[in-house]
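# Fold and contact review
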Amino acid sequence: MTAQPGTGVPTGVGTGAGTEGTDEVADLFRALGRQIKVARERAGLSQKELGDRIGYGEETISSVERARRTPQPELLVAVDQLLDCGGLLASAAEDVERAKTRRRVRHPEWFRDYARLEAEAVGLCYFANQAVPGLFQTREYARAVFTSRQPFFDEETIEQRVAARMDRQGLMTRWPPPTVSAIIQETILRQPFGGPDVQRGQLEQLLRIGRLRHVEIQVMPTASEDHAGMGGPFTLLTPKGKPQVAYLEVQHFSRLITDREEVRLLAAKHGSIRGQALTPRESLSLIEKMLGDL
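Figured I'd write up the structure that's included with this text.

Basis of the calculations
Think of each chain on its own: its residues are numbered from 1, step by step along the sequence as written. Local features in this predicted model are restricted to residues of pLDDT 70 or higher, and side-chain atom pairs are both shown and tallied only at a pLDDT of 80 or more, whereas totals for entire chains, interfaces and linings draw on every residue. Water and hydrogen atoms were dropped before computing side-chain values, which therefore reflect all heavy atoms in the structure. Numbering of helices and strands starts at the N terminus; helices are DSSP runs of H or I of at least 4 residues and strands are runs of E of at least 2. The buried label goes to any residue with under 20% of its type's maximum accessible area, the exposed label to any with over 50%, and the partly exposed label to all in between, with areas taken from a 1.4 Å probe on protein chains only. Contact definition: two residues touch when any of their heavy atoms are within 4.5 Å. Computed by Shrake-Rupley with a 1.4 Å probe, the accessible areas treat only the displayed protein chains as cover when residues are assessed. Two rings from Phe, Tyr or Trp (for Trp, the six-membered ring) form a pair when their centres sit within 6.5 Å of each other. Planes less than 30 degrees apart are called stacked, planes more than 60 degrees apart edge-to-face, and all others tilted. Orientation is described by lines fitted to C-alpha atoms, with helices fitted over the stretch in contact, and by angles between N-to-C directions that extend from 0 to 180 degrees. Roughly parallel means an angle under 35 degrees; roughly antiparallel means over 145; roughly perpendicular covers 65 to 115; every other angle is labelled oblique. The sense of a crossing depends on the near helix, which, turned anticlockwise from the far helix by less than a right angle, makes the crossing left-handed and, turned clockwise, makes it right-handed. Note on pairing: DSSP must find at least two bridges between two strands before they are called paired. Think of a polar contact as two N or O atoms within 3.5 Å of one another; within protein, one of them needs to be a possible hydrogen donor and the other a possible acceptor, and neighboring residues in sequence only count if both atoms come from side chains. Salt bridge criterion: a side-chain nitrogen from Lys or Arg within 4 Å of a carboxyl oxygen from Asp or Glu.

What the protein contains, in helices and strands, is 13 helices and six strands. Here the protein holds 294 residues, and the buried ones make up 45% of them. Counted over contacts in the protein with a minimum sequence separation of 6, partners at least 24 positions apart contribute 72%. Entry remark: accessible area of the protein is about 15,300 Å², with carbon and sulfur atoms responsible for 51%.

The structure is reproduced here in structure tokens:
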């Protein structure tokens, strides 16, 4: 059972859990928009008249009523007071703030199936030759990753993606934590991605993470004459009580692999790469040396 390239949705795997939260936020905004419209029409006001009285444009009122724009708490309070809604709308202001936070940390649709499995993982294995694995990234490094993406993301999307990535990192500090093995290409660590300060912060982060008992970080040295990972980066993930799966992502196309033979081949490849890389102790020493050279 393998995901269709570019979709991130594996055949036979339901997507309900992947959209959980996002649909609830949209439903909340639609319900509030309908309530505002009912209250406005009951008062005999047009959208323009309501907007004029509370200091908003007609287009804003229209967009909120149609759930095309987030109903900001200040607007809800103003409408509630003007149209005598008895606190019905004002009381939803806190719910809107929580919904806005959830929306900021939502994952793109194609990534949600993997994120759902990752959240319950008991084991993670990475081979990275393009960027530091997402669970290890600093906020500044993650922002540099999403800022450099082409086609470009707007600022709101960048902040959403950064927040979602930071939110995922919570699984590294939960108890019990997953066992994590990561092999990172040396060239990634030497590239001053995002600038020297970002690079330094990222190397320091890797040292901190690499000293955790449940994490092993290995560096694949540039000077190595043997390299089993020339096919590109991949992740192996073992969900609790479920078979191991693999995840590939390249050029904004993703593939979640559940076919046991394909997963077995990638696991064997990961074992070969581990054998060719520096040991965890040697790897941390190299990272320390890189820091000293900056």
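That covers the picture; the talk isn't over yet.
Attention now moves to the packing of aromatic side chains. The final tally for this structure, using the stated rule, is four aromatic pairs. A centroid spacing of 6.4 Å and a plane angle of 50° characterise the contact between F146 and F153, whose relative ring orientation is tilted. Judged on exposure class, the residue F146 and its partner F153 are both buried.

The description of two packed helices rests on the angle between their axes and on the distance between the axes. Between helix α8 (residues 139–147) and helix α9 (residues 155–168), whose axes approach to 9 Å, the crossing angle comes to 140°. With respect to α9, the axis of α8 lies oblique. Pair α8 / α9 crosses with right-handed handedness. Between α8 and α9, the contacting residues are R139, A142, R143, V145, F146 and T147 on the first element and I158, E159, R161, V162, R165 and M166 on the second.

Below, the discussion takes up the sheet that holds strand β5 (residues 245–250). If you walk across this open sheet you meet the six strands as β3-β2-β1-β4-β5-β6, and the pairing is mixed. At either margin of the open sheet sits one strand with a lone partner, and together these are β3 (215–220) and β6 (253–257). Direction aside, neighbouring strands of the sheet carry axes that sit 15° apart on average. Relative to strand β2 (residues 179–185), strand β1 (residues 121–128) is paired through six bridges, and the arrangement is parallel. In the sheet register, L124 faces β2, and the bridge partner there is V180. The strands that helix α12 (residues 260–276) touches are β1, β2, β3, β4 (234–239), β5 and β6; relative to β4, the one it contacts most, it runs at about 115°.

With that out of the way, let us pick up the side chain of E186. Of note, E186 is situated in helix α10 (residues 186–190). Of the polar contacts made by the side chain of E186, one reaches the side chain of R190; its length is 2.7 Å. Of the polar contacts made by the side chain of E186, one reaches the backbone nitrogen of T222; its length is 2.8 Å. Filtering out sequence-adjacent residues up to four positions away, E186 remains in contact with V219, M220, P221, T222, L286 and M290.

Counted under the stated rule, the structure contains 13 salt bridges. Across the pair R168 and E118 runs a salt bridge, and its minimum N-O distance is 2.7 Å. With R168 in helix α9 and E118 in helix α7 (residues 112–119), the pair connects residues that are 50 residues apart, well separated along the chain. In this structure R168 comes out as buried when scored by relative accessible area, which is 12%. Take E118: its relative accessible area is 1%, and that puts it in the buried class. In this structure, the salt-bridge partner of D293 is K289, at a minimum N-O distance of 3.2 Å.

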